[in-house]
Amino acid sequence: MRAPTRVVDRHAFHTLIDARSPAEFAIDHIPGAINCPVLDDAQRVIVGTLYKQQGAFEARRVGGAMVAENLAKHLRGPFAAQPAGWKPLVYCWRGGMRSGSMVTWLRLVGWDAQQLAGGYKSWRRHVIDTLEAQSPTLPLRVLVGATGSAKTRVLQALAAQGQQVLDLEGLAVHKGSILGAVPGQAQPSQTAFETGIARVLENLDPARPLYVEGESRKIGRLTLPTPLLLRLRASPCIEIQATPAARLDYLLRDYAYLGDAPQQLADKLAHLKDLHGKQVVGRWQAWALEGNLPALFAELMALHYDPHYSRSQSNNFSAWPVRQSLEADDLTSAGVEALAQAVVGLQNAT
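Here goes a summary of the coordinates provided. Everything quoted here is computed from the prediction, not taken from an experiment.

Conventions adopted
Residues numbered from 1 in each chain as written. Predicted model: local features only at pLDDT ≥ 70, side-chain atom pairs only at ≥ 80, totals over all residues. Heavy atoms only, no water. Disulfide = S-S within 2.5 Å. Salt bridge = Lys/Arg side-chain N within 4 Å of Asp/Glu carboxyl O. Helix = DSSP H or I, 4+ residues; strand = E, 2+ residues; numbered from the N terminus. Buried < 20%, exposed > 50% of the residue type's maximum accessible area, 1.4 Å probe, protein only. Polar contact = N/O pair within 3.5 Å; in protein donor to acceptor, adjacent residues only side chain to side chain. Contact = heavy atoms within 4.5 Å. Axes fitted to C-alpha atoms, helices over the stretch in contact; angles between N-to-C directions. Parallel < 35°, antiparallel > 145°, perpendicular 65-115°, else oblique. Left-handed = near helix turned anticlockwise from the far one by under 90°. Nonpolar A, V, L, I, M, F, W, Y, C, P; charged D, E, K, R; others polar. Core = buried A, V, L, I, M, F, W, Y, C linked by side-chain atoms within 4.5 Å. Phe/Tyr/Trp six-rings, centres within 6.5 Å; stacked < 30°, edge-to-face > 60°. Pairing = 2+ DSSP bridges.

1. Brief notes about the state of the cysteines
Going through the model one piece at a time under the given rule, you end up with 0 disulfides. Left unpaired, Cys 92 is separated from the closest cysteine sulfur, that of Cys 36, by 14 Å.

Structure, rendered in structure tokens:
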């Protein structure tokens, strides 16, 4: 009898199939999986209600017909062109009836289909274990710098140069500040965010540095996993010391889209009234409505972001007193490229 298929065995299969409902898949799924549900969202509700009200037999009788219809659609659709030697790995929530029914039918066709032991829950356990096991020894190099220092762009340039990068804000779909929401893009679920992090760590070469941006515990509504946050705060820092003029120029380019929705921008600024008072925030809101982003961002830098920068860095990063520094007066694409090369140069010099 074949041994149960584990999460670490998933790469041995041609296709990874998530048999859960589309809503479950959207919350989080194993990277690379395709969604071929045996019950769609509405059907899952119907079967669950029948189970509670009339019992397991009635739920299986009605649900079985739905499953058969959906499997037929998949066999005529995404599975139709698969060759005889196709090896799919199927999972559902716990590795139970949903994935089991699909595996049974795929085997009847003649394919070597297998069921992931423990289903998605085993993947979730794998993610948590990966974060807990690897975080304490990660070779992190933390990019820090005042708001507008183009840290994310430097990370992207480092990745383009072949360096190892963990782009937490990219995975979180958020820039990490009160104005950091990305237009038209929702943040992922907390579990999907952690899946993204674990996927990077799985492919990591521990002998090479992993560059990451200095973050607080929260990025938008998402929370950094505690083991990773602790390692982040204990790791060596590289500070980008950009001039105010370069930072303002960068912010006006990077946040230019805020000018397209002045009322939304003004509404977000209202959350700062407790910190800065109605008069100051009222001025900022007026600039937002006028589209005067240069004046707005200049004062946000001077009055909101910069005053707390050094104190927060020294509180959050234990290696702050011995940080390495890079000066920058150009945060255009060329300047960012040069900064990324300088960051690597610092690492090679140590």
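Alright, that's what it looks like, and here's the rest.
2. Notes on the pattern of salt bridges
Counting across every chain of the model gives 15 salt bridges. Its salt-bridge partner being Arg 153, residue Asp 254 comes within 2.6 Å of it at the nearest N-O pair. You can see Asp 254 sitting in helix 10 (residues 244-254) and its partner Arg 153 sitting in helix 6 (residues 151-160), a full 101 residues away along the chain. Since its relative accessible area comes to 12%, Asp 254 is described here as buried. Two residues, Arg 283 and Glu 299, come together in a salt bridge whose shortest N-O distance is 2.9 Å. Linking Arg 283 in helix 12 (residues 273-290) with Glu 299 in helix 13 (residues 293-305), this pair joins segments that are 16 residues apart in sequence. What makes Arg 283 partly exposed here is its relative accessible area of 30%.

3. Remarks on the side chain of Glu 24
Its location among the elements puts Glu 24 in helix 1 (residues 22-27). Overall, Glu 24 belongs to the buried group, its relative accessible area being 9%. Looking at Glu 24, its side chain comes within polar contact range of the side chain of Arg 98, at 2.8 Å. Each residue touching Glu 24, except ones within four places of it in the same chain, is listed here: Arg 44, Trp 93 and Arg 98.

4. Regarding the environment of Gly 335
Looking at where Gly 335 falls in the secondary structure, it is placed in helix 15 (residues 333-349). For the pair Gly 335 and Ala 150, spaced 185 residues apart in sequence, the C-alpha to C-alpha distance is 9.9 Å.

5. A short note on the packing of helix 5 (residues 119-134) against helix 8 (residues 190-202)
Their axes nearest at 9 Å, the elements helix 5 and helix 8 cross at an angle of 60°. The orientation of helix 5 relative to helix 8 falls into the category oblique. The two elements helix 5 and helix 8 meet at a crossing, and its hand is left-handed. Contact residues: Tyr 120, Trp 123, Arg 124, His 126, Val 127, Thr 130, Leu 131 and Gln 134 in helix 5; Thr 191, Glu 194, Thr 195, Ile 197, Ala 198, Leu 201 and Glu 202 in helix 8. Its residues assigned to classes, the contact of helix 5 with helix 8 comprises 7 nonpolar, 5 polar and 3 charged.

6. So, the environment of Leu 222
Relative to the assigned elements, Leu 222 resides in strand 9 (residues 222-223). Residue Leu 222 is classed as buried on the basis of its relative accessible area of 0%. A C-alpha to C-alpha distance of 40 Å links Leu 222 and Gln 54, two positions 168 residues apart in sequence. Discounting residues that sit within four places of it in the chain, Leu 222 has contacts with Ala 172, Gln 187, Pro 188, Ser 189, Gln 190, Phe 193 and Arg 217.

7. Focus on the nonpolar core
Membership of the largest hydrophobic core comes to 38 residues, with the highest contact counts inside it found for Leu 140, Val 142, Leu 168, Phe 193, Ile 197 and Leu 232. Listed by contribution, the elements that provide at least two residues to this core are strand 3 (88-91), helix 5, strand 5 (140-144), helix 7 (168-172), helix 8, strand 7 (210-213) and helix 9 (226-234). When near neighbours in sequence (up to four residues on either side) are disregarded, Ile 197 contacts Leu 131, Leu 166, Leu 168, Leu 171, Pro 225 and Leu 228. By size, the runner-up hydrophobic cluster in this structure holds 22 residues, among which are Ala 150, Leu 158, Val 336 and Leu 339.

8. Points about the packing of aromatic side chains
For the structure shown, the criterion picks out 6 aromatic pairs. A ring pair is formed by Trp 93 and Tyr 120, whose centres lie 5.4 Å apart and whose planes are at 20°; its orientation type is stacked. A residue pair is termed long-range when its members are at least 10 positions apart, and Trp 93 in the loop between strand 3 and helix 4 (97-109) and Tyr 120 in helix 5 qualify at 27 residues. Among the residues examined, Trp 93 registers a relative accessible area of 31% and is labelled partly exposed.

9. Some thoughts on the sheet that holds strand 5
Read across the sheet, 5 strands follow the order 6-7-5-10-11 without closing on themselves; strand pairing throughout is parallel. Where the open sheet ends on each side, the last strands, each with one partner, are strand 6 (164-166) and strand 11 (324-328). Within the sheet, the average angular offset between the axes of one strand and its neighbour, ignoring direction, is 25°. Looking at chain direction, strand 5 and strand 7 are connected through 4 bridges and run parallel. Across the sheet, residue Leu 140 finds its bridge partner in strand 7, namely Leu 210.

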